[in-house]
Amino acid sequence: MHATTSAKKQKEYIDKLQAEIDVLQKRIGEDESAEAIVSRHINLLHHYNEAKDATQLLIGRLAALKETTVRQIHNDMDLLDD
């Protein structure tokens, strides 16, 4: 047995989904696609990770110069693990 749904109920459900899509599209911007938003976020994360890697490299070098640990430099600079 298959559950049957009337054409009217299907149309109502489709209209409801389309209304939700319209609301979400307005929230992200009329002319902006989800793919563009995801692409921009990936690009921003890439830049963030490059900056973080460079910072950790410098902190490592500073720790070596001060003959201490990276953790101690983090503590001295109030850098917390999140």
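Conventions adopted
- Residues numbered from 1 in each chain as written.
- Predicted model: local features only at pLDDT ≥ 70, side-chain atom pairs only at ≥ 80, totals over all residues.
- Heavy atoms only, no water.
- Helix = DSSP H or I, 4+ residues; strand = E, 2+ residues; numbered from the N terminus.
- Rg over C-alpha atoms; globule rule 2.2 N^0.38 Å.
- Buried < 20%, exposed > 50% of the residue type's maximum accessible area, 1.4 Å probe, protein only.
- Areas by Shrake-Rupley, 256 points an atom, 1.4 Å probe, with all protein chains shown as cover.
- Lys, Arg positive; Asp, Glu negative; His and termini not counted.
- Charge placed at Lys NZ, Arg CZ, Asp CG, Glu CD.
- Expected span 1.5 Å × (residues − 1).
- Contact = heavy atoms within 4.5 Å.
- Salt bridge = Lys/Arg side-chain N within 4 Å of Asp/Glu carboxyl O.

> What is the right way to read the overall build of the protein from this model?
The helix and strand inventory of the protein stands at three helices and zero strands. Relative to a compact globule of 82 residues, whose C-alpha radius of gyration would be 12 Å, the protein shows 26 Å and is clearly more extended. Overall, the protein is about 75 × 35 × 20 Å in size when its C-alpha atoms are taken along their principal axes. The buried share among the 82 residues of the protein stands at 6%. Accessible area for the protein stands at about 7700 Å²; split by element, carbon and sulfur atoms hold 58% of it. The averaged location of the 15 negative side-chain charges in the protein is 7 Å from the averaged location of its 11 positive side-chain charges.

> Explain helix H1 (residues 7-28) to me, please; I cannot follow it from the model alone.
Residue pairs three or four apart in sequence face the same way in an α-helix, which turns once every 3.6 residues. Helix length check: H1 (22 residues) gives 32 Å between terminal C-alpha atoms against 32 Å at 1.5 Å per residue, within 8%. The first or second residue beyond H1 is Gly-29, which carries a positive phi of 120 degrees.

> What am I meant to see in helix H2 (residues 34-65) here?
Between its terminal C-alpha atoms H2 stretches 47 Å, which fits the 46 Å expected from 32 residues at 1.5 Å a residue. Along H2, the residues classified as buried are Ile-37, Ile-59 and Ala-63. Looking at the buried residues of H2, the elements they touch are H1 and helix H3 (70-76). Taken from the residues just after H2, Glu-67 is the one with a positive phi, measuring 55 degrees.

> What's the story with the pattern of salt bridges in this structure? I'm lost.
Opposite charge on two side chains permits them to pair, given that their charged atoms come into close proximity. Inspection of every chain in the model, using the stated rule, returns one salt bridge. Taking the shortest distance from any N to any O, the salt bridge between Asp-15 and Lys-11 comes out at 2.9 Å. Of this pair, Asp-15 and Lys-11 both sit in helix H1, four residues apart, which is roughly one turn of that helix. A relative accessible area of 38% places Asp-15 in the partly exposed class. Judged by relative accessible area, which is 49%, Lys-11 ranks as partly exposed.

> What should I look at first to understand the side chain of His-74 in this one?
Inspection of the secondary structure assignment puts His-74 in helix H3. Not counting the four nearest positions on each side in its chain, His-74 is found in contact with Gln-56, Ile-59, Leu-79 and Asp-81.

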